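Okay, here's what each chain looks like letter by letter:
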Amino acid sequence: MDREIEQPQNEGREPKRVSRRDVLKMGAVGGIGLLLGATGLKGLSLLDEPKPASAKPAPAAGTIPFYGAHQGGIVTPMQDYVCMGAFDFTTTSLETVRKLFKQWTDASARIAAGEGVADESGNALVPPADTGETIGLLPVRTTLTFGLGASFFDDRFGLAGKRPKALADIPAFKRDELVPEWSHGDVIVQVCANDPQVAFHAIRNLARIARGKAVLRWMQQGYQRSGLADPKGATPRNLLGFKDGTNNPAVGDADVAGEIVWAKGADGAPWMDGGSYMAVRRIRMRIEVWDRTTLGEQEATFGRHRDSGAPLGQAGEFDKADYAKTGKNGKPIIPADSHMALASMGGKVKIHRRGYSYSNGIDLRTGQLDAGLLFICFNRDPREQFIPMQEKLAASDRLNEYIQHVGSGIYAVLPGVREGGYIGDTLL
């Protein structure tokens, strides 16, 4: 008789029991994690909408289908880990690119289903088709999300005329300290999962499939607080200790997502209908400086109370911020240059943030922690959403004293893949 294994209990339901044989049938797939919580600097872009945006957490070990009208990993409730990689093509053949996208599609669908990237031949004289580190692991809500950088639309593939106007060159924001090895790329792949090894496995195997056609330009793993540590699914905190994502738009509502996230064919690029635009910023935090800063200054920097997440002068996390309210000194309780005040943009500009924290050990040159936020956001048109918001933050945000933007990129996230289709087929 198979020994039974108990899965984690879901809220309001009895624990489901499956046999060891059932677990093995569910197969393999994998990866590692990347960035931060569901907002920018987990707080990097807090908007002034006093209502919770996150949906009830989904079962941690479930499966999210790869095929659909939209790609997963965009409005999907955030998983615990991310592993993100940017690739540059080494080929100038559009047919080779098309072939790779088809291979990546087949592998991605299997990975999302908790399977290996291909069926094994069993031939001891050749390498296995899959790297194997996820054999016996569950799918853990793995999503793979693909986007194209501006460099994809140069003269190599004859696609310059297909570049969407919304895929704008990201400007040089004030105080940027960007390095090429953490920026841009022909293709971006975001893998999210509730297990870091599963997420890493996915990027590793996509890179393996791409050999001879594309190479990794950069890769970053990240995390947010796990569902195990916070089963109630409260707003996550960034590495500066503040809640991040309190006022993220409620993109679980199709109308909200349609307005803020999803590109339309009528916007100017018919092949992008159902896609989105992803902005990625690798933001290093000056941890040591922040840790020596008084609580009052920290709260004034974000415009929120650290413990509760409430706007300064309010009691609850989701209370509406009162920017006109003054203290005994006659000055606004929420400073005009606080992160929240600037990022609110008067409530007129909204983005969907999906960032993750990262920690890469120490900087051997300085001995300081190399840690921060992998800021990821999705928007319908970055020229009207992300770029003006970041320009305002870069100019006068108090948070700039404690952060350093070292990586950057904007990508056209492709529409979802239909059964029988492949990644990018609306373009290629």
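Cut-offs applied
Residues numbered from 1 in each chain as written. Predicted model: local features only at pLDDT ≥ 70, side-chain atom pairs only at ≥ 80, totals over all residues. Heavy atoms only, no water. UniProt positions renumbered as here; feature names shortened; annotations may be inferred. Helix = DSSP H or I, 4+ residues; strand = E, 2+ residues; numbered from the N terminus. Contact = heavy atoms within 4.5 Å. Areas by Shrake-Rupley, 256 points an atom, 1.4 Å probe, with all protein chains shown as cover. pLDDT = per-residue confidence, 0-100. Expected span 1.5 Å × (residues − 1). Core = buried A, V, L, I, M, F, W, Y, C linked by side-chain atoms within 4.5 Å. Buried < 20%, exposed > 50% of the residue type's maximum accessible area, 1.4 Å probe, protein only. Phe/Tyr/Trp six-rings, centres within 6.5 Å; stacked < 30°, edge-to-face > 60°. Salt bridge = Lys/Arg side-chain N within 4 Å of Asp/Glu carboxyl O. Pairing = 2+ DSSP bridges. Arc of directions from axis to C-beta. Polar contact = N/O pair within 3.5 Å; in protein donor to acceptor, adjacent residues only side chain to side chain.

In the annotation of an unreviewed UniProt entry, the entry for the protein chain reads Deferrochelatase, and the organism field reads Cohnella nanjingensis. Listed in UniProt under the heading Function (unreviewed entry), the comment for the protein chain reads: "Involved in the recovery of exogenous heme iron. Extracts iron from heme while preserving the protoporphyrin ring intact." Here is the UniProt Catalytic activity (unreviewed entry) comment for the protein chain, exactly as written: "heme b + 2 H(+) = protoporphyrin IX + Fe(2+)".

When you go through the protein chain residue by residue, the secondary structure sums to 8 helices and 11 strands. Across the protein chain, contacts joining residues at least 24 apart in sequence account for 80% of those joining residues at least 6 apart. Total accessible area computed for the protein chain in this model is approximately 18600 Å², and 52% of it derives from carbon and sulfur atoms.

Next up on the list: the confidence of the model for the protein chain. Interpretation of this model should avoid reading the predicted coordinates in detail wherever pLDDT is low. Here the protein chain shows a mean pLDDT of 88. Residues at 70 or above account for 86%. A low-confidence stretch, residues 1-55 stays under pLDDT 50, and its non-local contacts, those more than four residues away or across chains, total 227 contacts.

This part is about helix 2 (residues 94-112). The periodicity of an α-helix, 3.6 residues per turn, causes residues three or four positions apart to be oriented the same way. The first and last C-alpha atoms of helix 2 sit 26 Å apart over 19 residues, in line with the 27 Å expected at 1.5 Å per residue. Here the buried face of helix 2 lies against strand 3 (81-89), strand 4 (143-149), strand 5 (187-193), helix 3 (196-209) and strand 6 (214-223).

With 76 residues, the main nonpolar core has Phe101, Trp104 and Phe386 as its most contacted residues. The biggest single contributor to this core is helix 2, with 8 residues. With 21 residues, the next largest nonpolar core counts Ile260, Met278, Ile376 and Tyr411 among its residues.

The next subject is the packing of aromatic side chains. Applying the stated rule across the entire model yields 18 aromatic pairs. Seen in terms of ring centroids, Phe173 and Phe386 are 6.1 Å apart; in terms of plane orientation they differ by 90°. Their pairing is edge-to-face. With Phe173 in the loop between strand 4 and strand 5 and Phe386 in helix 8 (residues 386-396), this residue pair connects regions lying 213 residues apart in the sequence. A relative accessible area of 1% places Phe386 in the buried class. A ring pair is formed by Trp290 and Tyr402, whose centres lie 4.9 Å apart and whose planes are at 85°; its orientation type is edge-to-face.

Take the pattern of salt bridges next. Going through the model one piece at a time under the given rule, you end up with 20 salt bridges. The partner of Lys243 in a salt bridge is Glu317, with the nearest N and O atoms 3.1 Å apart. With Lys243 in the loop between strand 6 and helix 4 (254-260) and Glu317 in the loop between helix 6 (295-302) and helix 7 (339-343), this pair connects stretches of sequence that are 74 residues apart. For the pair formed by Lys243 and Glu317, the shared burial category is buried. Two residues, Arg365 and Asp363, come together in a salt bridge whose shortest N-O distance is 3.0 Å. A relative accessible area of 75% places Arg365 in the exposed class. One continuous salt-bridge network, built from bridges that share partners, spans Arg110, Glu115 and Asp119.

Across the 10 residues that make up strand 7 (residues 276-285), a large majority, 10, are buried. Here strand 7 shows a buried face lined by Ser276, Met278, Val280, Arg282 and Arg284 and a second buried face lined by Tyr277, Ala279, Arg281, Ile283 and Met285. Pairing of strand 7 with strand 11 (residues 403-413), which is carried by 10 bridges, proceeds in the antiparallel orientation. In the strand pairing of strand 11, Met278 is matched with Tyr411.

Attention now moves to unusual backbone geometry. Leaving glycine aside, a negative phi is the common case for residues, and trans is the common case for peptide bonds. For Val140, which is not a glycine, the phi torsion comes out positive at approximately 45°. According to the relative accessible area criterion, Val140 is buried, its value standing at 12%.

Turning our attention to helix 8. What helix 8 keeps buried is the set Phe386, Ile387, Met389, Gln390, Leu393 and Ala394. Angular distribution of buried residues about the axis of helix 8 spans 160°; they occupy a single face of the element. Those residues of helix 8 that are buried are in contact with strand 7, helix 7, strand 10 (369-379) and strand 11.

Attention shifts here to the side chain of Asp88. Along the chain, the position of Asp88 falls in strand 3. Its relative accessible area of 18% is what places Asp88 among the buried residues. Polar side-chain contacts of Asp88 include one of 2.9 Å to the side chain of Arg217. Dropping the residues within four chain positions of it, Asp88 is found in contact with Gly185, Asp186, Lys213, Ala214, Val215 and Arg217.

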